[in-house]
Amino acid sequence: MGGGIVGLAAAIEAQRRGNQVAIVDEADPGTGCSFGNAGIIAASEIFPLITARRIADLPRMLLSRDAPAVIRAASLPRLVPWVARAAISLTAARQGGITRAIAALNSRSVAAWRDLLAHCKASRQLREQGMIRLIRDQPDFGALEEIGAGLALHGMPSRRLGRDELLALEPALGKAVVGGLLHESDADIGEPYALSQIMLACFRAAGGALICQRVTAVERTETGATVEAAGKFHLADRVLVAAGLASDKLLRPFGVAVPLQAERGYHLSLPGRSGLLQRPVTFQRESCVATPMGATLRLAGTVEFAEADAKPDWRRAHRLADQAAHYFSEPLAAADGAVWMGSRPSLPDSLPAIGRLAEAPSIGYAFGHQHLGLTQAAISASLLNDLMDDKMPAFNPTPYSLTRF
């Protein structure tokens, strides 16, 4: 259950393995957090989200409203214990293990999407042209070198680009851009909601059912599990929980620790500007990205630690245009841009939760992918279904188990 991109991918994968599958979710599949993401299969994003440097920045994040990452004061009571858990992962050995575990998923992510989209007869959705990381200050070349070297250790190809090479690939870039790094393993899928609708159509065409009801509880039975929704009980041999931030409430009755934190992101979609770029670009200093998407250019990014239902600060969305404008040769008129905000479900060690409950083996889970929900959806679906089928996975699933908490 759960109609986000991870849940939809898991449902299709279960269906491909000969199971009769229903998705139980009160919302239209595809309208979760991935609805507004940057549409990038970001295989190169293998480094932990929480680092010693970022924790040291917490006081500044609390005082600033315009930084790439900010904290709403009202979220502090919930955030402090989450940060304390995150601090446990800051040793060099732990950070190295987290990076290896993210890389194990990400290095397989594009191939998994290639396979899933071929099954959905939508291979053209996948654009394998890489992503470019841009800098506009000479001192930032050191950061590019460090990132490239770290990626090489995990078999992730990247190529440093000078200004002339950048302009040959992306002529719309402006004079301020001095260099970049081409992440050759990355891809993009266009508009995420359109992709979700293609996947849903594939799911339904193969006999899948969509039940639009709010799930209130999951219970184990002698032969499987039940899903309670809208006062009704749906019996199943297996239940897969892929409900993002709501996964905590559903799994808590099983005595499972799920330290999820809402990490909100914004986007600004600029109509008629998709022709500026051929592929996604990310702005190193500003920590945001631009992706050509249908008839629009989507600017996405920022981190805002806040309660999921807190009122959006739409200035953060509109500010993305000011940040991106440094990198282009022509102005980015943002007055008629469409804004959006969504809450990423993030766990304190930067890893997703993928596995099955030891005390209830008929119940599996996949959530907490933070910034990498779209990237890791297809490979997470494959790994989860291998575990539910008692099939040996292609790589070690232990780092993603909730037993780590």
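Here, the structure is the one placed above.
Residues numbered from 1 in each chain as written. Predicted model: local features only at pLDDT ≥ 70, side-chain atom pairs only at ≥ 80, totals over all residues. Heavy atoms only, no water.

Draft legend 1. Expanded view of the overall build of the chain. Helix and strand counts for the chain come out as 12 helices and 19 strands. Here the C-alpha radius of gyration of the chain, 21 Å, is about what a compact globule of 405 residues would show, namely 22 Å. Dimensions of the chain, computed from C-alpha atoms along their principal axes, come out at roughly 65 × 45 × 40 Å. Taken over 405 residues, the chain has a buried fraction of 55%. In the chain, once contacts between residues fewer than 6 apart in sequence are set aside, the share between residues at least 24 apart is 76%. Taken as a whole, the chain presents about 17,000 Å² of accessible surface, with 55% of it coming from carbon and sulfur. Positive and negative side-chain charges in the chain, numbering 42 and 39 respectively, have mean positions lying 1 Å apart. (Helix = DSSP H or I, 4+ residues; strand = E, 2+ residues; numbered from the N terminus. Rg over C-alpha atoms; globule rule 2.2 N^0.38 Å. Buried < 20%, exposed > 50% of the residue type's maximum accessible area, 1.4 Å probe, protein only. Contact = heavy atoms within 4.5 Å. Areas by Shrake-Rupley, 256 points an atom, 1.4 Å probe, with all protein chains shown as cover. Lys, Arg positive; Asp, Glu negative; His and termini not counted. Charge placed at Lys NZ, Arg CZ, Asp CG, Glu CD.)

Draft legend 2. Spatial organisation of unusual backbone geometry. One non-glycine residue, T302, adopts positive backbone phi at about 70 degrees. Here T302 shows up in strand 16 (residues 296–305). The phi dihedral of Q370 falls on the positive side, at around 40 degrees, and the residue is not glycine. Among the secondary structure elements, Q370 is positioned in the loop between strand 19 (360–367) and helix 12 (373–388).

Draft legend 3. Region of interest: the side chain of N106. Note that N106 resides in helix 5 (residues 92–106). Of note is the side chain of N106, whose polar atom sits 3.0 Å from the backbone oxygen of E45. Residues within four places of N106 in sequence aside, it is in contact with A42, A43, E45, I46, M156, L372, T375 and Q376. (Polar contact = N/O pair within 3.5 Å; in protein donor to acceptor, adjacent residues only side chain to side chain.)

Draft legend 4. Looking closely at the environment of I198. Mapping I198 onto the fold places it in helix 9 (residues 192–205). Along the backbone, I198 and G174 are 24 residues apart, and their C-alpha atoms lie at a distance of 36 Å. Leaving out residues up to four positions away in the same chain, I198 has contacts with C120, A122 and Q125.

Draft legend 5. How the structure looks around the sheet that holds strand 12 (residues 239–241). The strand order across the open sheet built from 3 strands is 12-19-18, with neighbouring strands paired in mixed fashion. What marks the edges here is a single partner per strand, and that holds for strand 12 and strand 18 (353–357). Ignoring strand direction, the axes of neighbouring strands in this sheet form an average angle of 20 degrees. By the bridge criterion, 3 bridges tie strand 12 to strand 19 in an arrangement that is parallel. Across the sheet, residue V239 finds its bridge partner in strand 19, namely I363. Together, strand 12, strand 18 and strand 19 form the strand contacts of helix 12, whose direction differs from that of strand 18 by roughly 15 degrees. (Pairing = 2+ DSSP bridges. Axes fitted to C-alpha atoms, helices over the stretch in contact; angles between N-to-C directions.)

Draft legend 6. View of the packing of helix 1 (residues 5–16) against helix 12. With their axes 8 Å apart at the nearest point, helix 1 and helix 12 run at an angle of 35 degrees to one another. In this structure, helix 1 meets helix 12 at a crossing whose hand is right-handed. Counted together, I5, V6, A9, A10, E13 and A14 of helix 1 and G373, L374, A377, A378, A381, S382, L384 and N385 of helix 12 form the full contact between these two elements. The class makeup of the residues in the contact of helix 1 with helix 12 is 10 nonpolar, 3 polar and 1 charged. (Left-handed = near helix turned anticlockwise from the far one by under 90°. Nonpolar A, V, L, I, M, F, W, Y, C, P; charged D, E, K, R; others polar.)

Draft legend 7. View of the environment of Q376. Structurally, Q376 can be placed in helix 12. C-alpha separation for the pair Q376 and A42, spaced 334 residues apart in sequence, amounts to 8.8 Å. Once you skip the residues sitting within four places of it in the chain, Q376 turns out to touch I102, L105, N106, P352 and H369.

Draft legend 8. Local environment of the packing of aromatic side chains. Scanning all chains against the criterion turns up 8 aromatic pairs. On the basis of an interplanar angle of 85 degrees and a centroid distance of 6.4 Å, the ring pair of F283 and F328 is categorised as edge-to-face. Taken together, the positions of F283 in strand 14 (residues 281–283) and F328 in the loop between helix 11 (315–325) and strand 17 (338–346) put the pair 45 residues apart, joining distant regions of the chain. Looking at F283, the relative accessible area reads 0%, which means it is buried. Ring geometry for Y365 and F367: centres 6.1 Å apart, planes at 55 degrees, overall tilted. Summarising the burial analysis for this pair, Y365 and F367 share the class buried. An aromatic cluster is built from F35, Y193 and W340, whose rings are joined through pairwise contacts. (Phe/Tyr/Trp six-rings, centres within 6.5 Å; stacked < 30°, edge-to-face > 60°.)

Draft legend 9. Here's a closer look at the side chain of T291. Relative to the elements of secondary structure, T291 occurs in strand 15 (residues 288–293). The class of T291 is buried, set by a relative accessible area of 0%. Sequence-distant contacts of T291, that is, excluding residues within four places in its chain, are made with A38, I40, R127, D188, P280, T296, L297 and R298.

Any functional reading would require information that these geometric values do not contain.
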